[in-house]
Amino acid sequence: MSRFRAYVFAAVLLGLGTVSSCAEPAPDATVEVDSPRGEPTQFEFTEVMPGIYQARGAGDMTVGANAGVVINETDVLLVDSHISPAAASALLEDVRTITDKPVRYVANTHWHFDHAHGNQVYPPDVEIISHEATRSVIANGGSKSGRSYEAFIGTLPDRIAALEATIAESEGDEQAERETQLERLRAYHAQVEEVVPTPPTTTLSERLTLHRGGREIQFLFFGRAHTEGDVVVYLPGDGVLLTGDMLTAGLPYMGDGFVDEWVDTLEQLKHLDFQWIIPGHGEPYQDRQRIDHLQAYLRDLWDQAVALHRQGVGAEEAAATIDMSAHAEHFGGIPGAGVNPVAVVRIFELLDRRAN
Ligand SMILES: [Zn+2]
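Q: Quick rundown of the overall build of the protein chain? Include the residues and the values.
A: Within the protein chain one finds 11 helices and 12 strands. Burial statistics for the protein chain: of 356 residues in total, 40% are counted as buried.

Q: Outline the environment of Ile217, listing residues and values.
A: Relative to the helices and strands, Ile217 is located in strand S9 (residues 215-220). Taking the C-alpha atoms as reference points, Ile217 and Tyr234, 17 residues apart in sequence, are found 6.0 Å from one another.

Q: Please set out unusual backbone geometry residue by residue, giving values where relevant.
A: The backbone of Asp80 shows a phi angle near 80°, a positive value even though the residue is not glycine. Assignment of secondary structure puts Asp80 in the loop between strand S4 (76-79) and helix H2 (85-95). The buried category is assigned to Asp80, around which 30 C-beta atoms lie within 10 Å. The backbone of His82 shows a phi angle near 75°, a positive value even though the residue is not glycine. As for its placement among the helices and strands, His82 is situated in the loop between S4 and H2. Accessibility expressed as a C-beta count within 10 Å gives 32 for His82, which makes it buried.

Q: Quick rundown of the sheet that holds strand S2 (residues 52-57)? Include the residues and the values.
A: Read across the sheet, seven strands follow the order S1-S2-S3-S4-S5-S6-S7 without closing on themselves; strand pairing throughout is mixed. Edge positions in the open sheet fall to strand S1 (43-49) and strand S7 (202-204), since each of these has one partner strand only. Pairwise comparison of adjacent strand axes, ignoring direction, gives a mean angle of 25° for this sheet. Relative to S2, S1 runs antiparallel, the two being bridged by six bridges. Residue pairing across strands places Glu47 opposite Tyr53, the latter belonging to S2. The strands that helix H4 (residues 132-139) touches are strand S6 (127-131) and S7; relative to S6, the one it contacts most, it runs at about 105°.

Q: Tell me about the sheet that holds strand S8 (residues 207-212), and please be specific about residues and values.
A: In space, the five strands of this open sheet follow the order S8-S9-S10-S11-S12, with mixed pairing throughout. Looking at strand neighbours, the two that pair on one side only are S8 and strand S12 (276-279), the edges of this open sheet. Geometrically, the sheet is characterised by an average inter-axis angle of 20° between neighbouring strands, direction not taken into account. Two strands pair when backbone bridges link them, and S9 and strand S10 (residues 232-235) are joined in this way by three bridges, in the antiparallel orientation. Of the residues in S10, the one forming a bridge with Gln218 is Tyr234.

Q: Explain the packing of helix H6 (residues 156-169) against helix H7 (residues 172-193) residue by residue, including any values.
A: Taken N-terminus to C-terminus, the directions of H6 and H7 make an angle of 160°; their axes are 10 Å apart at the nearest point. Taken together, the axes of H6 and H7 lie roughly antiparallel to each other. Classified by chirality, the crossing of H7 by H6 is left-handed. Each of Leu156, Arg159, Ile160, Leu163, Glu164, Thr166 and Ile167 in H6 lies in contact with H7, whose residues at this interface are Gln175, Arg178, Glu179, Gln181, Leu182, Leu185, Arg186 and His189. Its residues assigned to classes, the contact of H6 with H7 shows six nonpolar, four polar and five charged.

Q: Residue-level account of the environment of His281, with values.
A: When you line up the elements, His281 lands in the loop between S12 and helix H9 (289-310). Along the backbone, His281 and Gly64 are 217 residues apart, and their C-alpha atoms lie at a distance of 8.5 Å. Excluding residues within four positions of it along the chain, His281 makes contact with Ala65, Asn66, Asp245, Thr248 and Ala249.

Q: Account for the packing of helix H8 (residues 259-269) against H9, naming residues and giving values.
A: Their axes nearest at 9 Å, the elements H8 and H9 cross at an angle of 160°. On the basis of the axis angle, H8 is roughly antiparallel to H9. The handedness of the crossing between H8 and H9 is left-handed. Contacts between H8 and H9 involve Val259, Asp260, Trp262, Val263, Leu266 and Leu269 on the former and, on the latter, Ile291, Leu294, Gln295, Leu298, Arg299, Leu301 and Trp302. When grouped by side-chain class, the residues that make up the contact of H8 with H9 number 10 nonpolar, one polar and two charged.

Q: Can you break down helix H11 (residues 341-355) residue by residue, with the values?
A: Residues that lie three or four places apart on an α-helix share one face, since the helix turns once every 3.6 residues. Taking 1.5 Å per residue, 15 residues should reach 21 Å; H11 reaches 21 Å between its end C-alpha atoms and fits that length. Among all positions of H11, only Ala343, Val344, Arg346 and Ile347 are buried. One side of H11 holds all its buried residues, which, seen down the axis, span an arc of 160°. Among the exposed residues of H11, those oriented more than 90 degrees off its buried face are Asp352, Arg353 and Ala355.

Conventions used here
Residues numbered from 1 in each chain as written. Predicted model: local features only at pLDDT ≥ 70, side-chain atom pairs only at ≥ 80, totals over all residues. Helix = DSSP H or I, 4+ residues; strand = E, 2+ residues; numbered from the N terminus. Buried ≥ 20, exposed ≤ 12 C-beta atoms within 10 Å, placed from the backbone. Pairing = 2+ DSSP bridges. Axes fitted to C-alpha atoms, helices over the stretch in contact; angles between N-to-C directions. Contact = placed C-beta atoms within 7 Å. Parallel < 35°, antiparallel > 145°, perpendicular 65-115°, else oblique. Left-handed = near helix turned anticlockwise from the far one by under 90°. Nonpolar A, V, L, I, M, F, W, Y, C, P; charged D, E, K, R; others polar. Expected span 1.5 Å × (residues − 1). Arc of directions from axis to C-beta.

This is the structure:
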(Lines give C-alpha, C1' and ligand atoms only; values in the text may rest on other atoms or scores of the structure.)
Protein backbone atom coordinates (compact mmCIF):
# COMPACT_ATOMS: atom_id res chain seq x y z
CA MET A 1 0.00 0.00 0.00
CA SER A 2 1.56 3.30 -1.02
CA ARG A 3 1.59 6.14 1.42
CA PHE A 4 -1.01 8.04 -0.60
CA ARG A 5 -3.29 5.03 -0.71
CA ALA A 6 -2.83 4.46 3.00
CA TYR A 7 -4.03 8.00 3.62
CA VAL A 8 -7.12 7.48 1.53
CA PHE A 9 -7.79 4.16 3.22
CA ALA A 10 -7.46 5.61 6.69
CA ALA A 11 -9.83 8.39 5.70
CA VAL A 12 -12.34 5.77 4.59
CA LEU A 13 -12.23 4.28 8.04
CA LEU A 14 -12.45 7.72 9.64
CA GLY A 15 -15.48 8.38 7.50
CA LEU A 16 -17.06 5.34 9.05
CA GLY A 17 -16.42 6.76 12.50
CA THR A 18 -14.03 4.06 13.66
CA VAL A 19 -10.38 3.52 12.93
CA SER A 20 -9.52 -0.16 12.86
CA SER A 21 -6.10 -1.69 12.43
CA CYS A 22 -4.10 -0.51 9.46
CA ALA A 23 -0.71 -1.85 8.42
CA GLU A 24 0.66 1.62 7.70
CA PRO A 25 1.59 4.23 10.30
CA ALA A 26 -1.55 6.16 11.25
CA PRO A 27 -1.76 9.43 9.34
CA ASP A 28 -3.10 12.48 11.09
CA ALA A 29 -6.85 12.92 11.09
CA THR A 30 -6.85 16.06 9.00
CA VAL A 31 -6.39 14.25 5.71
CA GLU A 32 -9.05 15.46 3.35
CA VAL A 33 -10.91 13.26 0.93
CA ASP A 34 -13.26 15.77 -0.60
CA SER A 35 -13.91 14.08 -3.86
CA PRO A 36 -13.34 10.76 -5.56
CA ARG A 37 -9.86 10.50 -6.93
CA GLY A 38 -7.30 8.24 -8.52
CA GLU A 39 -7.75 5.06 -10.47
CA PRO A 40 -8.87 1.73 -9.04
CA THR A 41 -6.03 -0.78 -8.69
CA GLN A 42 -7.79 -4.12 -8.16
CA PHE A 43 -11.31 -3.65 -9.52
CA GLU A 44 -13.11 -2.41 -12.54
CA PHE A 45 -16.47 -0.76 -12.00
CA THR A 46 -19.39 -1.05 -14.39
CA GLU A 47 -22.18 1.44 -13.75
CA VAL A 48 -25.46 -0.21 -14.83
CA MET A 49 -27.73 2.56 -13.55
CA PRO A 50 -26.80 5.91 -11.98
CA GLY A 51 -24.96 5.19 -8.75
CA ILE A 52 -25.20 1.40 -9.07
CA TYR A 53 -22.04 -0.45 -10.00
CA GLN A 54 -20.70 -3.92 -10.36
CA ALA A 55 -17.12 -4.28 -9.06
CA ARG A 56 -15.15 -7.08 -10.73
CA GLY A 57 -11.64 -8.13 -9.87
CA ALA A 58 -9.25 -6.80 -12.51
CA GLY A 59 -5.87 -6.72 -10.74
CA ASP A 60 -3.31 -9.19 -9.42
CA MET A 61 -5.24 -9.98 -6.27
CA THR A 62 -7.61 -12.94 -6.06
CA VAL A 63 -10.87 -11.39 -4.89
CA GLY A 64 -13.29 -14.26 -5.53
CA ALA A 65 -16.75 -13.02 -6.41
CA ASN A 66 -18.11 -9.79 -7.84
CA ALA A 67 -19.40 -7.10 -5.54
CA GLY A 68 -22.19 -4.59 -6.00
CA VAL A 69 -21.73 -0.95 -5.06
CA VAL A 70 -24.88 1.09 -4.41
CA ILE A 71 -24.20 4.77 -3.82
CA ASN A 72 -27.06 6.35 -1.90
CA GLU A 73 -27.70 9.97 -0.99
CA THR A 74 -25.47 9.92 2.08
CA ASP A 75 -23.94 6.45 2.26
CA VAL A 76 -22.92 3.33 0.39
CA LEU A 77 -24.12 -0.29 0.39
CA LEU A 78 -21.68 -2.98 -0.75
CA VAL A 79 -23.15 -6.29 -1.83
CA ASP A 80 -20.78 -9.12 -0.80
CA SER A 81 -17.41 -8.77 0.87
CA HIS A 82 -15.04 -10.93 -1.21
CA ILE A 83 -12.70 -13.78 -0.36
CA SER A 84 -10.28 -12.25 2.16
CA PRO A 85 -9.78 -9.19 4.35
CA ALA A 86 -7.15 -8.00 1.85
CA ALA A 87 -9.66 -8.16 -1.00
CA ALA A 88 -12.34 -6.38 1.05
CA SER A 89 -9.87 -3.63 1.98
CA ALA A 90 -8.86 -3.28 -1.66
CA LEU A 91 -12.51 -2.77 -2.60
CA LEU A 92 -12.92 -0.13 0.12
CA GLU A 93 -9.92 1.67 -1.31
CA ASP A 94 -11.04 1.38 -4.90
CA VAL A 95 -14.58 2.54 -4.05
CA ARG A 96 -12.93 5.86 -3.12
CA THR A 97 -12.32 6.40 -6.82
CA ILE A 98 -16.09 6.57 -7.47
CA THR A 99 -17.45 8.10 -4.26
CA ASP A 100 -16.37 9.73 -1.01
CA LYS A 101 -19.52 8.68 0.87
CA PRO A 102 -19.03 6.29 3.78
CA VAL A 103 -19.81 2.59 3.50
CA ARG A 104 -22.57 1.99 5.99
CA TYR A 105 -24.11 -1.31 4.85
CA VAL A 106 -22.73 -4.58 3.52
CA ALA A 107 -24.82 -7.52 2.33
CA ASN A 108 -23.77 -11.17 2.28
CA THR A 109 -25.92 -12.76 -0.43
CA HIS A 110 -24.90 -16.16 0.97
CA TRP A 111 -22.26 -17.75 3.19
CA HIS A 112 -19.72 -18.92 0.61
CA PHE A 113 -16.19 -17.83 1.52
CA ASP A 114 -15.75 -15.85 -1.69
CA HIS A 115 -18.73 -13.64 -0.74
CA ALA A 116 -18.37 -13.33 3.03
CA HIS A 117 -14.75 -13.68 4.12
CA GLY A 118 -14.01 -9.96 3.91
CA ASN A 119 -16.56 -9.16 6.64
CA GLN A 120 -13.91 -8.69 9.32
CA VAL A 121 -12.57 -5.43 7.81
CA TYR A 122 -15.76 -3.52 8.54
CA PRO A 123 -15.99 -1.57 11.78
CA PRO A 124 -18.84 -2.38 14.17
CA ASP A 125 -21.00 0.50 12.98
CA VAL A 126 -21.26 -0.97 9.50
CA GLU A 127 -24.29 -3.22 9.36
CA ILE A 128 -23.72 -6.55 7.62
CA ILE A 129 -27.04 -7.91 6.38
CA SER A 130 -27.84 -11.51 5.46
CA HIS A 131 -30.41 -14.25 5.76
CA GLU A 132 -30.50 -15.82 9.23
CA ALA A 133 -29.35 -19.17 7.80
CA THR A 134 -26.28 -17.46 6.31
CA ARG A 135 -25.41 -15.92 9.66
CA SER A 136 -25.83 -19.27 11.36
CA VAL A 137 -23.49 -21.08 8.95
CA ILE A 138 -20.79 -18.39 9.27
CA ALA A 139 -21.14 -18.23 13.06
CA ASN A 140 -20.77 -22.01 13.29
CA GLY A 141 -17.61 -22.18 11.16
CA GLY A 142 -19.36 -23.58 8.09
CA SER A 143 -17.89 -21.00 5.72
CA LYS A 144 -14.36 -22.14 6.58
CA SER A 145 -14.88 -25.89 6.40
CA GLY A 146 -16.70 -28.49 4.39
CA ARG A 147 -16.65 -29.76 0.83
CA SER A 148 -16.50 -26.46 -1.01
CA TYR A 149 -13.97 -24.78 1.25
CA GLU A 150 -11.69 -27.82 1.15
CA ALA A 151 -11.94 -28.07 -2.64
CA PHE A 152 -11.09 -24.43 -3.33
CA ILE A 153 -8.99 -23.28 -0.37
CA GLY A 154 -7.84 -26.52 1.31
CA THR A 155 -6.05 -27.53 -1.88
CA LEU A 156 -3.96 -24.35 -2.05
CA PRO A 157 -0.82 -25.80 -0.38
CA ASP A 158 -0.83 -28.74 -2.81
CA ARG A 159 -1.38 -26.42 -5.76
CA ILE A 160 1.53 -24.26 -4.62
CA ALA A 161 3.78 -27.32 -4.20
CA ALA A 162 2.80 -28.60 -7.67
CA LEU A 163 3.59 -25.25 -9.23
CA GLU A 164 6.95 -25.08 -7.44
CA ALA A 165 7.81 -28.48 -8.89
CA THR A 166 6.96 -27.41 -12.45
CA ILE A 167 9.05 -24.24 -12.06
CA ALA A 168 12.10 -26.30 -11.19
CA GLU A 169 11.62 -28.23 -14.43
CA SER A 170 10.95 -25.25 -16.72
CA GLU A 171 13.13 -22.46 -18.05
CA GLY A 172 13.10 -19.09 -19.80
CA ASP A 173 9.79 -17.25 -20.35
CA GLU A 174 7.75 -20.22 -19.20
CA GLN A 175 9.62 -20.29 -15.92
CA ALA A 176 9.17 -16.55 -15.43
CA GLU A 177 5.44 -16.84 -16.11
CA ARG A 178 5.06 -19.66 -13.62
CA GLU A 179 7.02 -17.71 -11.03
CA THR A 180 4.53 -14.86 -11.41
CA GLN A 181 1.69 -17.35 -10.98
CA LEU A 182 3.38 -18.77 -7.91
CA GLU A 183 3.81 -15.34 -6.38
CA ARG A 184 0.09 -14.66 -6.84
CA LEU A 185 -0.95 -18.02 -5.47
CA ARG A 186 1.27 -17.59 -2.41
CA ALA A 187 -0.12 -14.10 -1.81
CA TYR A 188 -3.66 -15.47 -2.14
CA HIS A 189 -2.87 -18.26 0.31
CA ALA A 190 -1.43 -15.80 2.83
CA GLN A 191 -4.51 -13.59 2.44
CA VAL A 192 -7.02 -16.38 3.06
CA GLU A 193 -5.00 -17.49 6.10
CA GLU A 194 -5.93 -14.14 7.66
CA VAL A 195 -9.65 -14.84 7.51
CA VAL A 196 -11.58 -14.82 10.74
CA PRO A 197 -15.15 -15.68 9.71
CA THR A 198 -17.26 -12.77 10.92
CA PRO A 199 -21.03 -13.23 11.12
CA PRO A 200 -23.44 -10.65 9.76
CA THR A 201 -24.97 -8.25 12.29
CA THR A 202 -28.51 -7.95 10.90
CA THR A 203 -30.58 -10.85 9.60
CA LEU A 204 -33.85 -11.44 7.83
CA SER A 205 -36.02 -14.48 7.37
CA GLU A 206 -38.05 -13.29 4.37
CA ARG A 207 -37.47 -9.61 3.69
CA LEU A 208 -35.90 -6.43 4.97
CA THR A 209 -36.16 -2.97 3.40
CA LEU A 210 -33.84 0.00 3.72
CA HIS A 211 -34.92 3.47 2.70
CA ARG A 212 -31.83 5.54 1.95
CA GLY A 213 -32.57 8.99 0.61
CA GLY A 214 -34.92 8.43 -2.29
CA ARG A 215 -33.88 4.83 -2.80
CA GLU A 216 -35.64 1.71 -1.63
CA ILE A 217 -33.40 -1.32 -1.14
CA GLN A 218 -35.09 -4.69 -0.61
CA PHE A 219 -33.30 -7.78 0.71
CA LEU A 220 -35.46 -10.74 -0.29
CA PHE A 221 -35.41 -14.45 0.46
CA PHE A 222 -37.51 -16.56 -1.90
CA GLY A 223 -36.41 -20.03 -0.81
CA ARG A 224 -33.33 -22.22 -0.91
CA ALA A 225 -31.27 -22.24 -4.10
CA HIS A 226 -27.46 -21.99 -4.42
CA THR A 227 -27.32 -22.35 -0.60
CA GLU A 228 -29.87 -22.45 2.21
CA GLY A 229 -29.80 -18.68 2.72
CA ASP A 230 -29.65 -16.94 -0.65
CA VAL A 231 -30.76 -13.32 -0.48
CA VAL A 232 -31.22 -11.14 -3.56
CA VAL A 233 -30.88 -7.37 -3.32
CA TYR A 234 -33.61 -5.64 -5.30
CA LEU A 235 -33.66 -1.95 -6.17
CA PRO A 236 -37.20 -1.46 -7.50
CA GLY A 237 -36.81 2.24 -8.33
CA ASP A 238 -33.63 1.57 -10.31
CA GLY A 239 -34.68 -1.69 -11.94
CA VAL A 240 -31.61 -3.59 -10.73
CA LEU A 241 -31.40 -7.03 -9.13
CA LEU A 242 -28.21 -8.30 -7.45
CA THR A 243 -28.49 -12.05 -7.23
CA GLY A 244 -25.34 -13.45 -5.63
CA ASP A 245 -24.72 -16.91 -7.10
CA MET A 246 -28.38 -17.82 -7.49
CA LEU A 247 -27.70 -16.53 -11.01
CA THR A 248 -24.25 -16.15 -12.50
CA ALA A 249 -23.22 -15.26 -16.03
CA GLY A 250 -22.51 -18.94 -16.74
CA LEU A 251 -23.33 -22.08 -14.78
CA PRO A 252 -23.28 -21.54 -11.02
CA TYR A 253 -21.45 -23.86 -8.62
CA MET A 254 -23.84 -26.46 -7.24
CA GLY A 255 -21.86 -28.17 -4.46
CA ASP A 256 -24.02 -26.70 -1.69
CA GLY A 257 -27.16 -26.15 -3.76
CA PHE A 258 -30.71 -27.32 -3.36
CA VAL A 259 -30.93 -28.13 -7.03
CA ASP A 260 -34.66 -28.87 -7.34
CA GLU A 261 -35.81 -26.10 -4.97
CA TRP A 262 -33.53 -23.69 -6.84
CA VAL A 263 -35.83 -23.93 -9.87
CA ASP A 264 -38.82 -22.76 -7.80
CA THR A 265 -36.83 -19.99 -6.14
CA LEU A 266 -35.76 -18.66 -9.54
CA GLU A 267 -39.41 -18.62 -10.57
CA GLN A 268 -40.09 -16.02 -7.86
CA LEU A 269 -37.56 -13.63 -9.39
CA LYS A 270 -39.81 -13.35 -12.45
CA HIS A 271 -42.39 -11.41 -10.42
CA LEU A 272 -39.90 -8.58 -9.93
CA ASP A 273 -39.62 -5.69 -12.35
CA PHE A 274 -35.99 -5.08 -13.31
CA GLN A 275 -33.83 -4.31 -16.32
CA TRP A 276 -30.42 -5.33 -15.03
CA ILE A 277 -29.08 -8.40 -13.28
CA ILE A 278 -25.78 -8.07 -11.44
CA PRO A 279 -24.74 -11.69 -10.84
CA GLY A 280 -22.30 -13.08 -8.28
CA HIS A 281 -19.81 -14.02 -11.00
CA GLY A 282 -19.50 -12.76 -14.57
CA GLU A 283 -20.72 -9.63 -16.30
CA PRO A 284 -24.03 -7.79 -15.67
CA TYR A 285 -26.77 -8.59 -18.16
CA GLN A 286 -30.29 -7.67 -19.20
CA ASP A 287 -31.55 -10.89 -20.76
CA ARG A 288 -34.20 -12.24 -18.38
CA GLN A 289 -34.44 -15.44 -20.44
CA ARG A 290 -31.24 -16.56 -18.78
CA ILE A 291 -33.40 -17.38 -15.76
CA ASP A 292 -35.40 -19.82 -17.92
CA HIS A 293 -32.21 -21.33 -19.29
CA LEU A 294 -30.82 -22.03 -15.83
CA GLN A 295 -34.14 -23.46 -14.69
CA ALA A 296 -34.20 -25.80 -17.68
CA TYR A 297 -30.63 -26.90 -16.97
CA LEU A 298 -31.29 -27.53 -13.28
CA ARG A 299 -34.49 -29.51 -14.00
CA ASP A 300 -32.74 -31.68 -16.58
CA LEU A 301 -29.71 -32.27 -14.35
CA TRP A 302 -31.94 -33.16 -11.43
CA ASP A 303 -34.08 -35.58 -13.47
CA GLN A 304 -31.10 -37.38 -15.00
CA ALA A 305 -29.40 -37.64 -11.60
CA VAL A 306 -32.55 -38.96 -9.91
CA ALA A 307 -32.95 -41.65 -12.58
CA LEU A 308 -29.35 -42.84 -12.15
CA HIS A 309 -29.60 -42.72 -8.38
CA ARG A 310 -32.68 -44.94 -8.57
CA GLN A 311 -30.69 -47.44 -10.63
CA GLY A 312 -28.06 -47.54 -7.92
CA VAL A 313 -25.34 -45.93 -10.05
CA GLY A 314 -22.57 -44.26 -8.02
CA ALA A 315 -22.13 -40.49 -8.12
CA GLU A 316 -18.84 -40.54 -10.03
CA GLU A 317 -20.21 -42.81 -12.73
CA ALA A 318 -23.46 -40.84 -12.88
CA ALA A 319 -21.50 -37.62 -13.35
CA ALA A 320 -19.69 -39.16 -16.31
CA THR A 321 -22.99 -40.42 -17.79
CA ILE A 322 -25.23 -37.37 -17.43
CA ASP A 323 -25.44 -35.52 -20.73
CA MET A 324 -26.27 -31.81 -20.60
CA SER A 325 -25.13 -31.01 -24.14
CA ALA A 326 -28.73 -30.07 -25.06
CA HIS A 327 -28.05 -26.88 -23.07
CA ALA A 328 -24.79 -26.04 -24.85
CA GLU A 329 -26.41 -23.16 -26.72
CA HIS A 330 -26.94 -21.30 -23.44
CA PHE A 331 -24.00 -22.62 -21.46
CA GLY A 332 -20.96 -22.91 -23.69
CA GLY A 333 -18.42 -25.68 -23.37
CA ILE A 334 -20.73 -28.71 -23.11
CA PRO A 335 -19.37 -30.97 -25.86
CA GLY A 336 -21.04 -34.17 -24.61
CA ALA A 337 -21.70 -36.36 -21.59
CA GLY A 338 -20.11 -35.50 -18.26
CA VAL A 339 -20.83 -32.92 -15.56
CA ASN A 340 -18.94 -31.66 -12.52
CA PRO A 341 -19.04 -34.61 -10.09
CA VAL A 342 -19.57 -32.23 -7.18
CA ALA A 343 -23.03 -31.35 -8.50
CA VAL A 344 -24.02 -35.01 -8.63
CA VAL A 345 -22.51 -35.81 -5.23
CA ARG A 346 -24.63 -32.97 -3.89
CA ILE A 347 -27.84 -34.18 -5.58
CA PHE A 348 -27.27 -37.73 -4.34
CA GLU A 349 -26.66 -36.38 -0.84
CA LEU A 350 -30.03 -34.57 -0.97
CA LEU A 351 -31.79 -37.69 -2.25
CA ASP A 352 -30.21 -39.90 0.43
CA ARG A 353 -31.13 -37.41 3.13
CA ARG A 354 -34.74 -37.34 2.02
CA ALA A 355 -34.92 -41.12 1.85
CA ASN A 356 -33.82 -41.42 5.47
ZN1 LIG B 1 -21.47 -19.15 -3.99
